[in-house]
2 protein chains.
Amino acid sequence: MTAEAKPKASRQRATWKQDPEAVKADILRVAREEFAAHGLSGARAQEIASRTKTSKRMIFYYFKDKESLYREVLEQAYRDVRNGEKALELENLDPVAALRKLVSYTFDHHRQNEDFIRLVMIENIHRGSHVAASETIKAGNSPAVEQLQEILERGMQQGIFRSDINPLQLHWKISGLCFFNVSNESTFSVIFGNEIATQEGQIALRDDVVHTIVNSVLV
Amino acid sequence: MTAEAKPKASRQRATWKQDPEAVKADILRVAREEFAAHGLSGARAQEIASRTKTSKRMIFYYFKDKESLYREVLEQAYRDVRNGEKALELENLDPVAALRKLVSYTFDHHRQNEDFIRLVMIENIHRGSHVAASETIKAGNSPAVEQLQEILERGMQQGIFRSDINPLQLHWKISGLCFFNVSNESTFSVIFGNEIATQEGQIALRDDVVHTIVNSVLV
DNA sequence: TTCGCAATTAACCGATTGGTTCAAAGCGAT
DNA sequence: ATCGCTTTGAACCAATCGGTTAATTGCGAA
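Residues numbered from 1 in each chain as written. Chains lettered and ligands numbered in written order. Predicted model: local features only at pLDDT ≥ 70, side-chain atom pairs only at ≥ 80, totals over all residues. Heavy atoms only, no water.

(A) View of the pattern of salt bridges. Applying the stated criterion to the full structure yields 24 salt bridges over all chains. When the shortest N-O distance is used, the salt bridge between K138 of chain B and E135 of chain B registers 3.6 Å. With K138 of chain B and E135 of chain B both in helix 8 (residues 135-139) and 3 residues apart, this pair spans about one turn of that helix. We classify K138 of chain B as partly exposed; its relative accessible area is 31%. R162 of chain B is the salt-bridge partner of D164 of chain B, the closest N and O atoms lying 2.9 Å from each other. Members of the salt-bridge network, linked through shared partners, are D26, R29, E33, E34 and R51 of chain A. (Salt bridge = Lys/Arg side-chain N within 4 Å of Asp/Glu carboxyl O. Helix = DSSP H or I, 4+ residues; strand = E, 2+ residues; numbered from the N terminus. Buried < 20%, exposed > 50% of the residue type's maximum accessible area, 1.4 Å probe, protein only.)

This is the structure in structure tokens:
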């Protein structure tokens, strides 16, 4: 009963049976999976609710409507991915090794975050209107381009990289290959067989992508 | 009244006011646009009907249900694109020139067939289940890989191409870059600015893609 | 002219869906 | 004990949506 630490602003609700933050987090987690699986119009509020510990009522109580929920899912997904871009410590590596590491990391990272890839696909179907509406997504764009630029500058100084490389274009190429690998795996496998989707195929492909990118910047 | 040319099998209905083939074609055209714009679950039967010269009833009369219509739209889209892959006459060019032409053609082709790209995106959201269910799509896969293989062989014989190039992987890389360019333009522009989406940006990008691909096969 | 099938229209329907109403319960503060 | 705000549950609802019923017309064939 000793009122130890009772800040007015920060609500101390760890002891509550009612735990709104946990409920919201639960909804967001399930909603991300459902939106990633079925798209904005394809996902069903009832289905999200069923897979949650709470009820459909709470979805609209906390998130207003379906589209707002979708927007929050998107924002959280971008936030998670950015936080997940752990420090690669590329500064200590020579430019070629740094670039190799960055590319293969991106390749694996996309592969491991399929839900995020699918959300971005869905968002592109919507012509990016929801990411455009989100200031937080637009504001904190990933440090990938700056990292690249730093690597490129070092490589140019050493005379091993071409001097006419556009960092944004290079980032675009890396993203494109790593993204496409995940986004189009289904149709590509159906039409050309799953040679590339197998584990060995993916290893060979990653090597190829790394090689192709590195090769494109060497003098 | 002289019953001139009245084949039993091939119905001569050019003179009819009722023209089922035209009605079906009209529905398919609008349906393709609507599915490409809003996805399978997002597209509305009523909206498709409204933009057609006919009624909603006719959609279900000719196409059974929404999913069947979607499947026919997909098949027609793949058919159109394959027919549109006009003869590039690459045989007469030296291997490098042939490859350059193939890549830049693919780049432009994807750019010009946005609806098709979007249908493929949507299909990947559905994990390719509808293309997998279509024998006609699986059967006639594009001649792109064979064309590539032919170019690669000539290049290898001349000693200017590496001997360890996997044609399918090379096709994958070309597809990936050209596809991503269209599919992810929206989100990429929102986050990194539209430098790449501008006309000049696209020209520079195409040159870069061609260069990157060619560079990746040279010894 | 009439028969019979294909094509077409208008009205209709049941199920689903996103979203709400309303009242009750949890809980900190006093 | 009780006030007042937040959180929750159950039932409910209006609109939307894919799909259908049933009756009508167009038209070639006999």
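Now that the structure is up, let's keep going.
(B) Structural context of the UniProt feature "domain: HTH tetR-type" (unreviewed entry) in chain A. Residues annotated by UniProt as "domain: HTH tetR-type" (unreviewed entry) correspond here to residues 21-81 of chain A. Secondary structure content for residues 21-81 of chain A is 85% helix and 0% strand, and the end C-alpha separation is 21 Å. (UniProt positions renumbered as here; feature names shortened; annotations may be inferred.)

(C) Local environment of the nonpolar core. Core analysis: the biggest nonpolar cluster contains 121 residues, and F35, L69 and L99 of chain A together with F35, L69 and L99 of chain B have the highest contact counts within it. Beyond its immediate stretch of four places on either side in the chain, L99 of chain A contacts L148, I151, F161, I174, I213, V214 and V217 of chain A. (Core = buried A, V, L, I, M, F, W, Y, C linked by side-chain atoms within 4.5 Å. Contact = heavy atoms within 4.5 Å.)

(D) How the structure looks around the confidence of the model for chain A. Mean pLDDT for chain A: 90, with 92% of residues reaching 70 or above. Below pLDDT 50 for its whole length, residues 1-15 of chain A participates in 1 contact with residues either more than four positions away or in separate chains. (pLDDT = per-residue confidence, 0-100.)

(E) Seen up close, the relation of the copies chain B and chain A. Placing chain B over chain A gives an RMSD of 0.0 Å and needs a rotation angle of 180 degrees, together with 0.0 Å of translation along the axis. The symmetry that links the two subunits is that of a two-fold axis. The residues that chain B uses at the interface reappear at the interface of chain A in 100% of cases, marking a shared surface. (Least-squares fit on C-alpha atoms with pLDDT ≥ 70 in both.)

(F) Quick peek at the domain arrangement of chain A. Residues and elements named next belong to chain A. Segmentation of chain A into domains returns domain 1 (20-80) and domain 2 (89-217). Taken over C-alpha atoms, the centre of domain 1 sits 28 Å from the centre of domain 2. With 15 residues of domain 1 in contact, the opposing surface of domain 2 contributes 13 residues. Counting each side, the surface lost to burial between domain 1 and domain 2 is near 1300 Å², with a carbon and sulfur contribution of 70%. When the area that domain 1 buries against domain 2 is broken down by residue, the three leading residues are A36, Y70 and Y78, summing to 41%. Counting across the domain 1 and domain 2 interface gives 0 salt bridges. On the surface where domain 1 and domain 2 come into contact, there are 4 residue pairs in polar contact (both at pLDDT 80 or more). Of all the secondary structure elements, the ones that give two or more residues to the side of domain 1 that touches domain 2 are helix 1 (20-42) and helix 4 (66-84). The class makeup of the residues in the side of domain 1 that touches domain 2 is 9 nonpolar, 1 polar and 5 charged. (Domains from an automatic or database assignment. Buried area = accessible area lost by both parts, 1.4 Å probe. Polar contact = N/O pair within 3.5 Å; in protein donor to acceptor, adjacent residues only side chain to side chain. Nonpolar A, V, L, I, M, F, W, Y, C, P; charged D, E, K, R; others polar.)

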